[in-house]
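Listed below, chain by chain, are the residues.
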Amino acid sequence: MIILSASGISKAYGTDVILKDISFHVNEGDRVGMIGGNGAGKTTLMNILAGRIKPDEGDVFVSGDLSVGYLAQRDEFNSDKTVIEEVGEIFRPLELMEKEMEELNHRIASAPPEEQDALWDRLTRLQTEFDRRGGYTYRSEMNGILTSMAFGEEYYGQRTDSLSGGERTRLALACLLMKKPDLLLLDEPTNHLDIGTLKWLEQYLKNYRGTLIIISHDRYFLDQSVDRIFEVEDHGLKCYNGNYTAYAEQKRRDREAAMRAYTKQQEEIRRQEDLIRRYKERGTEKLAKRAASREKRLEHVERLEKPKGDKRSIKIDFKQDLKSGNDVLKGENISKSFGSRELFRNVDFDIKRGERICMVGANGIGKTSLLKIMTGRDTAFSGYLRLGQNVEFGYYDQGQQLLDDRVTVLEELHKDHRLETEGSLRNILGRFLFTGDMVFRTVGDLSGGEKARLALLKLMMSGANCLVLDEPPNHLDIASKEAFEEALGDYPGTVIVVTHDRYFLNRIPDRILELSEDGLTEYLGRYDYYVNKKEELASGKAYLLDMKSKSASESPAPEEAAVSAREQRELKKKQETEQRRLRRESERLEKLIEQLEQEIEDIQERMSDPALAADHVKLADLAEIMEDRKNELEDAYEKWYGI
């Protein structure tokens, strides 16, 4: 069933055309990923679908009984409220219903018989609606979602204006998921999420019963979460079936087929033109008529347009001016604290020339702080840090705080390269899609993606032999990400990256370092290897190299250490025992939940019995018992949710 459709949508700002004559439809249950370059008009289209702005032309139809939830790139929280107050607003209707049911129970116990029937009818309707809307489980679900989005109870009392930008984005997403709209519109939901939260969100969306439209540049996330792709390009929109990988393959095949058809037609046109020329050269009347006939037919041929190549992307070429020594960076027993709060401790690492190191870890664990320690930007730490010979760092800051918002794009580049002419700098800026008058825009007026491109350009021109990158793929469109990844693959120097982009993690690193409070754990491989090893480690089937036991003189350890057959059997036995225990506990809780729900229903029926209408004491006792059963039910749901 079609629940949303767009017909002839166009939108422009002044003379700048954003969208033109876009039409599509979305069926109930569809999972749509919307992609396109920065500035292509994806967010504009999403705002039109959400009803926030109106198109200049065309219509949007949304099914009348459809609830719509929209996650914008900027949240709209009330700065005076705390985290739990913002979340509480979502469930305010349920809280009011709960309060009214309690009041009705007390009123029924003391009301005269002639008023009790009406009160019972009202209570029954409320209880049915309360149950339908998840009233008995909403608290445990709320706690589960907040915990999964990295909001423990310590956050509940914090004001929203004290949260970081990433925390506000995660809170907005958590609030939206709790509302459970029929149509979920998400604009870049994966920004600021760590890998664990990303995996949880993917699983949640897989089980989501509604319809999804997601703007994202996260290719791995799109592969896991969508079954249709809408590509916004050249003011238009084209639909593809399948996830991102299927789209990329289909687009490649379509482009190749279109190029073959175009090439074949061009060859036939040239052949016909050559025949016409030869006929005319002969000068006979008969051949002249043939030439005229062929010219006429050729004029009526519908000429195919030459297929466009890939959308323009930035052209990156990282160079190093000076080769570093073989030992780039070594750290031993590094710890970092802010006041009484310890971020991490016992951090050891040994990084060699030419390595590609990716660092992962939960949000707030201190990955950015560790990068600043590595590059000498932060000296307030304990432990030992040794910098190798001729190491020159090039640092990419995820917030682009190293850029000066007050100057123009051209001035920002020129201040580090005084000997370059304006013409040469503008040519280089053109490679990063800063063309025409864009070079005279102030840095503060740039979008997140444009700032990211400018920061990468400065990094490229630095000539550093060790690139230290803090979330570089954020804000880049897919074409720019792929160009960036190819450039890193060709770079001869050392690369240290903090990122949650799993597609990136499957292409670039030689090894992955996971940061926790107790130090770094090394995984010798890329993302899929890292996931497999973590799963094996959790199930007791693998032994990973302890970085603290490594030294520069040791030879590289194998990716997997041997575990004796007896140890494997013991670990497997323990794992199976734990799995059986969890399964039994889950079954027990499911039976308890079923029993409690039945008891609540039975109590409600007993309270509805006209024979008890005048027995106020009995009704009060039953109301108290039902309240106890509801509390037990909520506890059971919370325990079951956590298994």
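About the criteria used
- Residues numbered from 1 in each chain as written.
- Predicted model: local features only at pLDDT ≥ 70, side-chain atom pairs only at ≥ 80, totals over all residues.
- Heavy atoms only, no water.
- Helix = DSSP H or I, 4+ residues; strand = E, 2+ residues; numbered from the N terminus.
- Buried < 20%, exposed > 50% of the residue type's maximum accessible area, 1.4 Å probe, protein only.
- Contact = heavy atoms within 4.5 Å.
- Pairing = 2+ DSSP bridges.
- Axes fitted to C-alpha atoms, helices over the stretch in contact; angles between N-to-C directions.
- Core = buried A, V, L, I, M, F, W, Y, C linked by side-chain atoms within 4.5 Å.
- Salt bridge = Lys/Arg side-chain N within 4 Å of Asp/Glu carboxyl O.
- Patch = residues over 30% accessible without salt bridge, like charges linked within 9 Å, V, L, I, M, F, W, Y side chains within 5 Å.
- Areas by Shrake-Rupley, 256 points an atom, 1.4 Å probe, with all protein chains shown as cover.
- Lys, Arg positive; Asp, Glu negative; His and termini not counted.
- Charge placed at Lys NZ, Arg CZ, Asp CG, Glu CD.

### Let's talk about the overall build of the chain
Across its full length, the chain carries 19 helices and 18 strands. The principal-axis extent of the C-alpha atoms belonging to the chain is close to 115 × 80 × 60 Å. Per-residue burial over the chain gives 47% buried out of 643 residues. Summarising the internal contacts of the chain: among those between residues at least 6 apart in sequence, 70% fall at separations of at least 24.

### Some remarks on the sheet that holds strand E1 (residues 2-13)
Neighbouring strands of a sheet are bound in pairs by backbone hydrogen bonds; such pairs are parallel or else antiparallel. Read across the open sheet, the three strands follow the order E2-E1-E4; overall the sheet is antiparallel. Across the chains shown, the open sheet's two edge strands, defined by having one partner strand only, are strand E2 (16-27) and strand E4 (57-62). Averaged over neighbouring strand pairs, the angle between their axes works out to 15° when direction is ignored. Pairing geometry for E1 and E4, over five bridges, is antiparallel. Residue Ser-10 lies in a different strand from E4, and its bridge partner there is Glu-57. Sheet strands touched by helix H1 (residues 42-49): E1, E2 and E4. Its angle to E2, the strand with the most contacts, is close to 55°.

### Thoughts on the nonpolar core
Within the largest apolar cluster, 68 residues are counted, with the highest numbers of intra-cluster contacts made by Leu-146, Leu-171, Leu-177, Met-178 and Leu-205. Looking at this core, the element that brings in the most residues is helix H6 (residues 165-179), giving eight residues. Look past the residues within four positions of Met-178 in its chain and what remains in contact with it is Val-87, Ile-90, Phe-91, Met-142, Ile-145 and Leu-146. Core analysis: the next-biggest nonpolar cluster, separate from the first, contains 50 residues, Met-438, Leu-457, Met-460 and Tyr-491 among them.

### Remarks on the side chain of Thr-494
Here Thr-494 shows up in strand E16 (residues 494-498). Exposure remark for Thr-494: the relative accessible area of 0% places this residue in the buried category.

### Quick look at the pattern of salt bridges
Counting across every chain of the model gives 43 salt bridges. A salt bridge links Asp-317 to Lys-319; its shortest N-O distance comes to 3.5 Å. A salt bridge links Lys-481 to Asp-501; the shortest N-O distance between them is 3.4 Å. Note that Lys-481 is positioned in helix H15 (residues 478-490) and Asp-501 in the loop between E16 and helix H16 (502-505), a separation of 20 residues in sequence. Here Lys-481 matches Asp-501 in class, with each residue buried. One network of salt bridges, with partners in common, ties together Arg-219, Lys-481, Glu-485, Asp-501 and Arg-507.

### A short note on the sheet that holds strand E11 (residues 341-352)
The strand order across the open sheet formed by three strands is E11-E10-E13, and the pairing between neighbours is antiparallel. Across the chains shown, the open sheet's two edge strands, defined by having one partner strand only, are E11 and strand E13 (382-387). Mean inter-strand twist for the sheet, computed between neighbouring axes without regard to direction, equals 10°. Pairing geometry for strand E10 (residues 327-338) and E13, over five bridges, is antiparallel.

### Things to note about a negative patch on the surface
A cluster of acidic residues, Asp-131, Glu-594, Glu-597, Glu-601, Asp-602 and Glu-605, forms a negative patch at the surface. Top element by residues in the negative patch is helix H18 (residues 565-607). It accounts for five residues. Looking at the element boundaries, Asp-131 is found in helix H4 (residues 113-132). The partly exposed category is assigned to Asp-131, whose relative accessible area is 47%.

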